[in-house]
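# What the coordinates show
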Amino acid sequence: MKIVTSSTELADGCAFVPTMGALHAGHVSLFELARKKSDFVVASIFVNPLQFEDQEELTKYPRTPERDIELAESSGVTHLWLPTYEEIYPAGFPKRSAGKLGEIFEGASRAGHFDGVVTVVARLFELVRPKISIFGEKDFQQLSLIRNLVTDLNLDIEIAAAPTIREADGLAMSSRNVRLDQNSRDQALVLYRALSAAAIAPDLMSAQSALQEVAKSQTGFTLDYAEIVDEKDFSKATYETQNKRAIIAGWLNGVRLIDNMEMKLGATR
Ligand code: AMP
């Protein structure tokens, strides 16, 4: 594995996995999927200041460079790119807007977050020129916005979605989980419990109530939203909606957690 700081040293036509580091098994699954798709796998680690609403969150974001290098190397990454701020954001760089979808759910609670995400990803794509790029379903709204970005910019990049990797008890892996103390770690299971309760409900209405009921039942957990939406545009799902997904977010002890799950709901409804 080559560790590079300048994008000029990267392989053209690679499979590309952008990350913010503090790597875990979720990231590893993306690297492995990338390696199945290409002999050249570029992973980037860049903690993007533009997608953090406040300075404190940015400072508190976990950083584990040595372990990141080991994990990337052992999971098929051929080029680990650690870009400089200046390469990503040269003076006068254009900021992008994520549009309407960037303003609801995650975007409503984190002003400017998705504008920062699409701005950095557009720039990363410009510098790497991958043939394919892998994103996790864990950040489902982000994945939709990246698909929109590729369409809007008319880029010839395939966007592949990778399923959410979970801990043995169901908690979605996240770099932020290391900030949970033992008590909060136990309480964090509420997201998975709420999603799972909704997924086994017989119809949309009971799925919605199960989701809300479990989400509101956990002491310590401040619910932001719990909703079943249309995967296409994140509008509220109806019985006619083809692809439904439950999305949930909230705070535990000051740590923001998000998760989501596909809702098949008996397929006939
Ligand atoms: P991040 O480093 O948090 O910006 O995430 C980098 C990529 O890894 C994004 O495409 C995420 O959606 C994905 N990712 C993060 N956590 C998981 C997970 N538990 N399972 C699958 N993909 C994940």
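Up top is the structure these notes are about.
Residues numbered from 1 in each chain as written. Predicted model: local features only at pLDDT ≥ 70, side-chain atom pairs only at ≥ 80, totals over all residues. Heavy atoms only, no water.

## Observations regarding the sheet that holds strand β5 (residues 132-136)
In spatial order, the strands read β1-β4-β3-β2-β5-β6; together these six strands make up an open sheet with parallel pairing. The outermost strands of the open sheet, each flanked by one partner alone, are β1 (2-4) and β6 (158-162). Pairwise comparison of adjacent strand axes, ignoring direction, gives a mean angle of 25 degrees for this sheet. Sheet topology note: the strand β2 (residues 15-19)/strand β3 (residues 41-45) ladder contains five bridges and is parallel. Across the sheet, residue Phe16 finds its bridge partner in β3, namely Val42. (Pairing = 2+ DSSP bridges. Helix = DSSP H or I, 4+ residues; strand = E, 2+ residues; numbered from the N terminus. Axes fitted to C-alpha atoms, helices over the stretch in contact; angles between N-to-C directions.)

## Re the site of the ligand
Lining the immediate environment of the ligand, one finds 17 residues, of which His27, Gly136, Asp139, Ile165 and Met173 sit closest. For the ligand, a nitrogen atom lies 2.9 Å from a polar atom in the backbone of Ile165. At 2.9 Å from a nitrogen atom of the ligand is found a main-chain nitrogen or oxygen belonging to Met173. Out of a free accessible area of 490 Å², the ligand has 92% covered by protein chains. (Near = heavy atom within 4 Å. Polar contact = N/O pair within 3.5 Å; in protein donor to acceptor, adjacent residues only side chain to side chain. Areas by Shrake-Rupley, 256 points an atom, 1.4 Å probe, with all protein chains shown as cover.)

## Remarks on the nonpolar core
Where a protein is soluble and globular, its nonpolar side chains tend to be buried together. With 37 residues, the main nonpolar core has Trp81, Ile88, Val121, Phe125 and Ile159 as its most contacted residues. In terms of residue count, helix α6 (residues 113-128) provides more of this core than any other element does, 10 residues in total. (Core = buried A, V, L, I, M, F, W, Y, C linked by side-chain atoms within 4.5 Å. Buried < 20%, exposed > 50% of the residue type's maximum accessible area, 1.4 Å probe, protein only.)

## A look at the packing of aromatic side chains
Taken as a whole and judged by the stated rule, the model has nine aromatic pairs. Judged by centre distance (4.4 Å) and plane angle (35 degrees), the ring pair of Tyr89 and Phe93 falls under tilted. One aromatic cluster is present, formed by Phe46, Tyr85, Tyr89 and Phe93 through successive ring pairs. Across the ring face of Trp251, the terminal group of Arg256 is positioned such that the distance to the ring centre comes to 4.8 Å. (Phe/Tyr/Trp six-rings, centres within 6.5 Å; stacked < 30°, edge-to-face > 60°. Lys NZ or Arg CZ within 6 Å of the ring centre and 35° of its normal.)

## Considering the pairing of β5
Every other side chain in a regular strand lies on the same face of the sheet, so the side chains alternate between the two faces. Most of β5 sits out of view: five of its five residues are buried. Residues Ile132, Ile134 and Gly136 line one face of β5 and the alternating positions Ser133 and Phe135 line the opposite face, and both faces are buried. Pairing analysis gives two bridges linking β2 to β5, with the strands arranged parallel. Following the sheet pairing, Phe16 is matched in β5 by Ser133. Pairing geometry for β5 and β6, over five bridges, is parallel. Looking at β6, one finds that Ser133 is bridged to Ile159.

## Some details on the sheet that holds strand β7 (residues 221-230)
Sheet strands pair by backbone hydrogen bonding; their relative direction is either parallel or antiparallel. What the three strands build is an open sheet, ordered β7-β8-β9; its pairing is antiparallel. Each edge of the sheet is formed by a strand with only one pairing partner; in this case those strands are β7 and β9 (255-263). Strand-to-strand, the axes of this sheet are offset by a mean angle of 15 degrees, without reference to chain direction. Summarising the sheet, strand β8 (residues 244-252) and β9 pair through nine bridges and their orientation is antiparallel. Across the sheet, the residue bridging to Ile248 is Asp259, located in β9.

## A look at helix α1 (residues 25-37)
For α1, spanning 13 residues, the distance from its first C-alpha to its last is 19 Å, which sits close to the expected 18 Å at 1.5 Å a residue. For α1, every residue scored as buried is listed here: Gly26, His27, Val28, Ser29, Leu30, Phe31 and Ala34. (Expected span 1.5 Å × (residues − 1).)

## Section: the packing of α6 against helix α7 (residues 140-152)
Running from amino to carboxyl end, α6 crosses α7 at an angle of 50 degrees, the nearest separation of the two axes being 10 Å. One element, α6, and the other, α7, form an angle in the oblique class. Pair α6 / α7 crosses with right-handed handedness. Across the interface between the two elements, Phe114, Val117, Val118, Val121, Ala122 and Phe125 from α6 touch Gln141, Gln142, Leu145, Ile146, Leu149 and Val150 from α7. A per-class count over the contact of α6 with α7 returns 10 nonpolar, two polar and no charged. (Parallel < 35°, antiparallel > 145°, perpendicular 65-115°, else oblique. Left-handed = near helix turned anticlockwise from the far one by under 90°. Contact = heavy atoms within 4.5 Å. Nonpolar A, V, L, I, M, F, W, Y, C, P; charged D, E, K, R; others polar.)

## Re helix α3 (residues 65-74)
For α3, the full list of buried residues reads Asp68, Leu71 and Ala72. One side of α3 carries all its buried residues, which in axial view fall inside an arc of 100 degrees. α3 presents Glu66, Glu70 and Ser74 as exposed residues on the side facing more than 90 degrees away from its buried surface. Packing partners of the buried residues in α3 comprise α1, β3 and β4 (79-81). Looking one or two residues beyond α3, the residue adopting positive phi is Gly76, at roughly 100 degrees. (Arc of directions from axis to C-beta.)

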